[in-house]
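Residue strings, one per chain:
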Amino acid sequence: MKKMLLALLVLALCAPLGALAEGMMQVVNCEDWVSLRSAPSTQAERLAQVPLGAYVTGEYDPYSDFSHCSYGGVSGYILNQYLEAPALAAQVDGRTVLATRSYGDSSEVLEVACLDSAGGECWKRVFESPYTTELDCTDAFVAGTAADPLVLVHVSGVGLTALDLYTGAPRWALERAAVDLGGSISHAVGADGTMYIGGYYGPDPVAVSADGELLWQSSSVYGESDGNSLDFWWLYALELGPDGLTATYDMSADGRGGQVLYSLDGEMLGHSFTES
C-alpha cells in the first residue's frame, strides 16, 4: 500500500501543467500578408489576407506545397513557404503561449507571445542571443504551478527568466553565473513547480524551484577507469515518471548513448546503454 501511495504521489508531481496547442503555425517570410485560399492553388479564390506574424491553426502538410489552415474563423490553404511551426505552442488556463525563433546575421531572436481565448495578443516579449550555433540558443516552456503558471525563457550566455503568464512581467531570473545550461535545453516540470533542466552542451540535469532557487545539480559519472571518470554527455531528453527523472544522452565514455535514471533529489539510481 505504501509503495502504491508513493507511486501515485510521484505521478501527481509529474503531471504536466499545460497542454500542447495543436497545429499552431506562424506566418513568416512575407512583406505584409499572405493569401488564405479556397483550394491548394495560387489560382484559387483568396478568402482572406493573413498578416505577417499572425498565428493560424492547422496541420503542416510536408507532401504538398500548401497546408490547410484556419484564421479568424475562415478555413483555407496557405503556401508552406510562408508557414513555420513555433518553438513553443501550449495552452494554459484558457490562454495560448507561443514562442518563435528568427535569425539575423549573427544572432538568434526568440519572440514570446500570449494570446487570449479569442486569439488576441495579451503580451509579447522579445529575447535575443548575440550569437548562433548549430544548437538552439533560445528556448521557452511553460512551468510554475496550476495556481501560479509561469513562462520560462532560456537564452544561452544569459540565463533563465521566469515571466508571469498573465502579464508577461519578469518574476525572477537565474543567471548563467549560477548555472550554465548551454544550448538546446531539455526540460521536465513537476506539478509542484520544480523544473528539471539540462543542455546538450550544458551540465547534467539541474533542479530549479518554482521561485528560481537552484536546488541541485546531478552527475552522470557511472564509473572510473585508469583514474578517469566514465560518464554520459550530450543530453537531449528529460522525462519525469513514477521511478524518477530519466535523462537520455547521445554519447558516453563507452562510445554509446544511453539513459540515466535520477531520483528527484538528483541521485543517480541506475543507467543503461543504447545497443549499437
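Up top you'll find the structure we're talking about.
Note that the structure is a prediction, hence the values are computed from the model and not measured.

Details of the pattern of salt bridges
Next up, step 1: If you walk through the whole model with that rule in mind, you get nine salt bridges.
Next up, step 2: Glu111 is the partner of Lys124 in a salt bridge, and the nearest nitrogen-oxygen pair spans 3.7 Å. Highlighted residues: Lys124 in strand β12 (residues 121-129) and Glu111 in strand β11 (residues 108-115), separated in sequence by 13 residues.
Next up, step 3: A salt bridge links Arg256 to Asp254, with the shortest nitrogen-to-oxygen separation between them at 2.4 Å.
Next up, step 4: Given a relative accessible area of 39%, Asp254 falls into the partly exposed group.
Next up, step 5: Through salt bridges with shared partners, one network takes in Arg101, Glu108, Asp136 and Asp139.

Concerning the nonpolar core
Next up, step 1: Counting residues in hydrophobic clusters, the biggest one holds 17 residues, and the most contacted among them are Val112, Val151 and Val153.
Next up, step 2: Sorting the residues of this core by element identifies β9 (88-92), β10 (95-103), β11, β12, β13 (138-144) and β14 (149-155) as the ones contributing at least two each.
Next up, step 3: Ignoring anything within four residues of it in the chain, the contact list for Val153 reads Leu110, Val112, Phe127, Asp139, Ala140, Gly159, Leu160, Thr161 and Leu163.
Next up, step 4: Grouped together as the second largest cluster of nonpolar side chains are 16 residues, Leu160, Ala162, Val189 and Met195 included.

Details of the environment of Thr133
Next up, step 1: Summarising the element assignment, Thr133 is placed in the loop between β12 and β13.
Next up, step 2: Overall, the relative accessible area of 40% leaves Thr133 in the partly exposed class.
Next up, step 3: Measuring from C-alpha to C-alpha, the distance between Thr133 and Gly120 comes to 33 Å, with 13 residues separating the pair along the chain.
Next up, step 4: A polar atom in the side chain of Thr133 sits 2.9 Å from the backbone nitrogen of Leu135.

Thresholds applied
Residues numbered from 1 in each chain as written. Predicted model: local features only at pLDDT ≥ 70, side-chain atom pairs only at ≥ 80, totals over all residues. Heavy atoms only, no water. Salt bridge = Lys/Arg side-chain N within 4 Å of Asp/Glu carboxyl O. Helix = DSSP H or I, 4+ residues; strand = E, 2+ residues; numbered from the N terminus. Buried < 20%, exposed > 50% of the residue type's maximum accessible area, 1.4 Å probe, protein only. Core = buried A, V, L, I, M, F, W, Y, C linked by side-chain atoms within 4.5 Å. Contact = heavy atoms within 4.5 Å. Polar contact = N/O pair within 3.5 Å; in protein donor to acceptor, adjacent residues only side chain to side chain.

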